[in-house]
Amino acid sequence: MKIRSLIALAIIAIAGFFTLDYIRLTPGWRMFGLIGTARILLTGTEDDFLAKPTWETQANADMPASTEGIFPDTPYVFYEGWHLFQINDWENHLQHLKGKPDVHGLEVGAYEGMSAIWALQNILTHPASTITCIDIFDNQKIEERFDRNVAATGIPEKIVKVKGPSEHMLCSLEPNTYDYIYIDGCHLPKWALSDAVMSWETLKPGGLMIFDDYKHIDARPKTSRFTRIDFIDDYLWNKRGQYRDSPRPAIDAFLKIYAPYLDVVYKKYQVVVRKK
Ligand SMILES: C[S@@+](CC[C@H](N)C(=O)[O-])C[C@H]1O[C@@H](n2cnc3c(N)ncnc32)[C@H](O)[C@@H]1O
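What comes next is a walk through the structure. Remember, predicted model here, so these are calculated numbers, not experimental data.

What counts and how
- Residues numbered from 1 in each chain as written.
- Predicted model: local features only at pLDDT ≥ 70, side-chain atom pairs only at ≥ 80, totals over all residues.
- Heavy atoms only, no water.
- Phe/Tyr/Trp six-rings, centres within 6.5 Å; stacked < 30°, edge-to-face > 60°.
- Helix = DSSP H or I, 4+ residues; strand = E, 2+ residues; numbered from the N terminus.
- Buried < 20%, exposed > 50% of the residue type's maximum accessible area, 1.4 Å probe, protein only.
- Lys NZ or Arg CZ within 6 Å of the ring centre and 35° of its normal.
- Near = heavy atom within 4 Å.
- Polar contact = N/O pair within 3.5 Å; in protein donor to acceptor, adjacent residues only side chain to side chain.
- Areas by Shrake-Rupley, 256 points an atom, 1.4 Å probe, with all protein chains shown as cover.
- Nonpolar A, V, L, I, M, F, W, Y, C, P; charged D, E, K, R; others polar.
- Pairing = 2+ DSSP bridges.
- Axes fitted to C-alpha atoms, helices over the stretch in contact; angles between N-to-C directions.
- Contact = heavy atoms within 4.5 Å.
- Right-handed = clockwise from strand over helix to strand, strands pointing away.
- Core = buried A, V, L, I, M, F, W, Y, C linked by side-chain atoms within 4.5 Å.

The next subject is the packing of aromatic side chains. Tallying each qualifying case throughout the model produces 12 aromatic pairs. Summarising the aromatic geometry, the rings of Trp-82 and Tyr-111 are spaced 4.8 Å apart at their centres and angled 55 degrees between planes, so their arrangement reads as tilted. Of this pair, Trp-82 sits in the loop between helix H3 (45–51) and helix H4 (87–94) while Tyr-111 is found in the loop between strand E1 (104–108) and helix H5 (114–122), placing the two residues 29 residues apart along the sequence. We classify Tyr-111 as partly exposed; its relative accessible area is 27%. Taken together through their ring pairs, the aromatic side chains of Trp-200, Phe-211, Phe-254, Tyr-258 and Tyr-261 make up a single cluster. Against the face of Phe-137 rests Lys-161, its NZ or CZ located 5.1 Å from the ring centre. Across from the ring centre of Tyr-214, 4.6 Å away, lies the NZ or CZ of Arg-248, which sits over that ring.

All right, on to the site of the ligand then. Around the ligand sit 17 residues in total, of which Gly-109, Ser-115, Asp-135, Ser-166 and Asp-184 are the nearest. Interatomic distance of 2.8 Å between a backbone N/O atom of Ser-166 and a nitrogen atom of the ligand. Asp-184 has a polar side-chain atom sitting 2.8 Å from a nitrogen atom of the ligand. Taking 610 Å² as the accessible area of the ligand by itself, protein coverage stands at 86%. Those elements that provide at least two residues to the shell around the ligand are H5 and helix H7 (166–169). Looking at the shell around the ligand, its residues break down into 8 nonpolar, 5 polar and 4 charged.

Read from one edge of the open sheet, 7 strands run E3-E2-E1-E4-E5-E7-E6, paired in mixed fashion. Each having just a single partner strand, strand E3 (159–163) and strand E6 (262–267) make up the two edges of the open sheet. Neighbour-to-neighbour, the strand axes of this sheet turn through a mean angle of 15 degrees, independent of strand direction. Alignment of strand E4 (residues 178–183) against strand E5 (residues 203–211), held across 5 bridges, turns out to be parallel. Looking at the pairing, Tyr-182 lines up with Ile-210 of E5. Along the sheet, H4 contacts E4, E5, E6 and strand E7 (271–275); its crossing angle with E5, the most-contacted strand, is approximately 170 degrees. Along the sheet, helix H10 (residues 248–257) makes contact with E5, E6 and E7, crossing E6 at roughly 145 degrees.

Before going further, it helps to spend a moment on the pairing of E1. A large share of E1 lies buried, amounting to 5 of its 5 residues. What you see with E1 is no split at all: His-104, Leu-106 and Val-108 on one side and Gly-105 and Glu-107 on the other are buried throughout. Of the strand pairs in this sheet, E1 and strand E2 (residues 130–135) are connected by 5 bridges, and their pairing is parallel. When the bridges of E2 are listed, His-104 appears paired with Thr-130. In this region the chain leaves E1, passes through H5 and returns to the parallel neighbour E2; the handedness of that crossover is right-handed.

Here we come to the nonpolar core. Of all hydrophobic cores here, the largest spans 31 residues; its most connected members are Leu-94, Leu-124, Ile-131, Ile-159 and Tyr-180. Within the residue set of this core, elements represented by two or more residues are H4, H5, E2, helix H6 (140–152), E4 and E5. If you tally residues by element for this core, the top one is H5, at 6 residues. Not counting residues within four places of it along the chain, the set of residues in contact with Leu-124 comprises Val-103, His-104, Gly-105, Ala-119, Ser-129, Thr-130, Ile-131, Lys-158 and Tyr-180. One finds Leu-106, Leu-203, Phe-211 and Tyr-214 within the second-largest nonpolar core, a separate group that totals 22 residues.

Next up, the structure:
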């Protein structure tokens, strides 16, 4: 009887944990009530989001402040803050490149330019360092925001904009050119895989390739506690099997096939590999 009660209690506790966490992750519930408060206390995610963006204040003072987006008192117009969650990790991974001359970054997928501009202002700080941004820019408003944000840096000449589908544009790049490459374009596995394979030859030996959204599952915030507990994450991943817009199968395939040619440096929400 005692053992049965214990088992029943354990089942109720586990079911309760999953139910509460499911509610916690449901849009609209995230910020409210006990669950929302507990979430912020436990994970600090909302605070992190608001506290991190300090780098944007270095913008060119001549640009008028924007009244739009998530940094309204700066010249930048960003409506998405995806990169803010990666800043601490990027500072760690890319620290060795900071301030050095002739360091070159490549981004596949630039959107409004946040990750590129962050890199420019924090890593590619030497005047002779650059970033190349490939994007299909099939949305005119987003392209305009990218252009405006590039101008707001005050150093637009350090950003090489390449407009077009990455599967075509990557062919035009020189081999062994880039110190790091960020794969954050189309997330469908087929395209994520071709972006990785096609850009690999342009990466210098010893250079880093960073993949975004390895653990992306629809409607699950990337700051979820699940993403920090790997075996639960894997369980949910397998159970839900949501590969629709996730590059994960592509990244897994790439890591497997290119294993002899790379070292895995980091594998969490983002994946970082070093070319041997
Ligand atoms: C997630 S956003 C990039 C976000 C950006 N790296 C950041 O962190 O601020 C993905 C971008 O990939 C671009 N994209 C999607 N498919 C593409 C393709 N086939 N070729 C080039 N860019 C593509 C989209 O236009 C979009 O701007």
